[in-house]
Amino acid sequence: MNRTVDAIWRERAGAFWRETMPYIRYMAQSGVPLVASMLLFTGIASYIGLLRNVPSSFPFTWIGVAALLPIICWSPLRTWLREADTVFLMPREAEMTTYLRHCFRYNGIAGNVCLVILCLIHSPLYVQGPGQLHWLLLLLAAVALKVLNGAGAWQERKMLWSGARIGMRLLRWAATAAALALLLQTAPWLALLFLSAAALLMGLLYRGQRQYHLPWLRLIAEESRTRRRYTVFFSAFTDVPSESAQVAARRYLSWFGALTRYRKEHAFVYLYAHTLIRTELGGIMMRLTALGILAGWLAAHSGLWMGWGAAGVYMLFVWLIGVQLGSLVQSHRHSVWRHVYPLPDNSRLASLLRIDRTAMLLCASILWLPLIILLPGPGFMTSAAAAALLGLGYIVVIRPIGLKRNFTDSDDD
Amino acid sequence: MTEPVLQVRNLTGGYSPRRPVLHGLSFEVKAGEMVGLIGLNGAGKSTAIKHILGLMQAHEGSIRIQGHTLEQQPELYRSALAYVPESPLLFDELTVQEHLRLTGMAYGVEEGLYAERSEGLLDEFYMTGKRDSFAAHLSKGMRQKVMIMNALLARPALYVIDEPFLGLDPLGIRSLLDKLVEVKRQGSAVFMSSHILSTVESYCDRFIVLHGGRIIAQGTLDDVCATAGVRSGVGSLEEAFYLMVTDGGRHEPNG
């Protein structure tokens, strides 16, 4: 039976959510929503505090651009396309317009809902700033910008040359940032004029590029990357059937792998170290560490709850990084080489514990920097020291117990 | 008489105890010998190799490498063999050079020796320019070369090689065969499964013909030809093989 592409899209979207729901349940049981809601309430409390007493020198425009730009410009596209589609769906390329329309709607609605929520949160701050546009009109302008960015991102996906694609993407982000800054600060007509001119210019530039009619390989690669990110994320909470890993060279981190001395008993340490720094797991850990430094810096700088706020933020990020790093247990479980290499069975666990401890201590030390730099000044050294001790206890005493249990459980499976 | 490097005795095995794939296989591979395992698709070649590697457990019978069994001396058993799989199984996160380093570490190859051997292998397999490439950036043939280079770096007593020529370019095939002859001369045993019968015939000392999970012939070319009913010194391995496997497996298991 020759199914319509419409039916194929619906079936694939449904299948993804059916596959994902059990993992969402596992995540919900892990306590992450509880911590996330605590974080949210703390954030709301701090934000309300800021709204009540906004300093006269507050950088409204910069903060507005920083808050809204990523969500306006970032235009992911889930297409559910797979390698096999180059054989089975490619011959039906003429019908793919309907299929893609579903994709644009699916991604566009989700992105715009997030944008509207963010605009609503931002509007109480915006109305206190220099903005001349009514906040509701700003919201509509932001949605229009997002739609334009979605269209631009699609044109970029179709481009043949990766250099041109990256260049156009940078230009799009820069033009959107400028338009957003004008919307937030100057006369609406000026912002509208700039926006129209920029959209026209970008449109002409997109037209001048060589493009695929439908960029099959790029869409398949993007879909595969998104799936892998879901896999890495959920594998922190439960065993997820793994797809092949996405690898980034990250040469700036090669020193971490090079720390492993050339010795037989270090073979798995060497392997796990490279798995950590080169797979998506390393990317997630770096992003979490960067976010943790920022959050810790803000909390320590404001002296929140006499330094205990910063200590809490520190522990939260140490724990979040630990949750993600826990997915390293799943790596190489099914590798043939695990059985072929002449290494004792227990060397894998010992290596895993060693890499986990090293990576956790490294991240925890970096996360602690804002605390040790900013807290002793106002006399909050106790909270900084307590955070360090708690972090150390978690990494050296508590984590190995859980890791050993997870390792044994996953091996028994 | 010296002990064989690989000794398989009455091996019965498969994925389910009720439906064994392999039926009472018995054969051995001696030091300095290259033995070719041939058979149609589904004959049980890869299953036999999986049993030798210890990836599958035998229902009956025993497998010894240099006299050791996997159950009793797993590290000695494993350190005596290197494996080249049919499809390259590389770690996505390691470069070519890092694969070699990992293998060197796992097999306890002394560091200076590792450096010397890895340089030599990269050169012999025309992979020097690809030493810092990841698996995703290598062609299938290059990935297979990495597998072969890793096995050769370890210099074990036994090489278990499953379909080594798939995807290799002519230079790669030549390099591999030259290296196999070299390691054989140095006293290693090679157990190789392949469908390229002309190459197997030219390079292997003995042959095992597997059909329907049973050995229907084994021995030198003359022995196999004799089992197939082909006149000795006249027939080729391909001719003998064709005769044996196209008559519905009428030949009874040997040994």
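The structure displayed is predicted, hence computed values, not measured ones.

(A) Spotlight on empty space enclosed by the protein. All chains considered together, the criterion is met by 4 cavities of 30 Å³ or more. Within this model, the largest cavity holds a volume of roughly 100 Å³. Considering the residues around the largest cavity, the lining is formed by 13 residues, among which Trp337 and Tyr341 of chain A together with Thr103, Asn150 and Ala151 of chain B are closest to the centre. Counting residues per element, the ones that place at least two in the lining of the largest cavity are β5 (81-84), α3 (96-106) and α5 (140-154) of chain B. The biggest single contributor to the lining of the largest cavity is α5 of chain B, with 4 residues. Looking at the lining of the largest cavity residue by residue, the class counts come to 10 nonpolar, 3 polar and no charged.

(B) Focus on the domain arrangement of chain B. All names here are of chain B. Segmentation of chain B into domains returns domain 1 (1-80 + 157-255) and domain 2 (92-155). Relative to domain 2, the C-alpha centre of domain 1 lies at a distance of 26 Å. Taken together, the contact between domain 1 and domain 2 spans 19 residues of the former and 13 residues of the latter. For the pair domain 1 and domain 2, the interface holds 2 salt bridges.

(C) How the structure looks around the environment of Ala295 of chain A. Residues and elements named next belong to chain A. By the element assignment, Ala295 lies in helix α12 (residues 280-301). What makes Ala295 partly exposed here is its relative accessible area of 24%. The sequence separation of Ala295 and Val313 amounts to 18 residues, and the corresponding C-alpha distance is 6.9 Å. Each residue touching Ala295, except ones within four places of it in the same chain, is listed here: Val313 and Phe317.

(D) Molecular detail of the nonpolar core. Residues Leu6, Phe27, Ile52, Ile65, Leu158 and Phe191 of chain B are the most contacted members of the largest nonpolar core, which totals 139 residues. Tallying contributions element by element places helix α15 (residues 347-374) of chain A first for this core, with 11 residues. Ignoring sequence-local partners within four residues, the contact set of Phe27 of chain B consists of Leu6, Gln7, Val8, Arg9, Ile52, Phe191, Ile208, Ile215 and Gln218 of chain B. Ranked by size, the runner-up nonpolar core spans 22 residues in total, among them Cys73, Tyr126, Leu145 and Leu182 of chain A.

The rules behind the values
- Residues numbered from 1 in each chain as written.
- Chains lettered and ligands numbered in written order.
- Predicted model: local features only at pLDDT ≥ 70, side-chain atom pairs only at ≥ 80, totals over all residues.
- Heavy atoms only, no water.
- 1 Å grid on protein atoms, 1.4 Å probe; cavity = no way out; pocket = protein on both sides within 12 Å on 5 of 7 lines; lining within 4 Å.
- Points joined across faces, edges and corners; volume = space filled by probe spheres on them.
- Helix = DSSP H or I, 4+ residues; strand = E, 2+ residues; numbered from the N terminus.
- Nonpolar A, V, L, I, M, F, W, Y, C, P; charged D, E, K, R; others polar.
- Domains from an automatic or database assignment.
- Contact = heavy atoms within 4.5 Å.
- Salt bridge = Lys/Arg side-chain N within 4 Å of Asp/Glu carboxyl O.
- Buried < 20%, exposed > 50% of the residue type's maximum accessible area, 1.4 Å probe, protein only.
- Core = buried A, V, L, I, M, F, W, Y, C linked by side-chain atoms within 4.5 Å.

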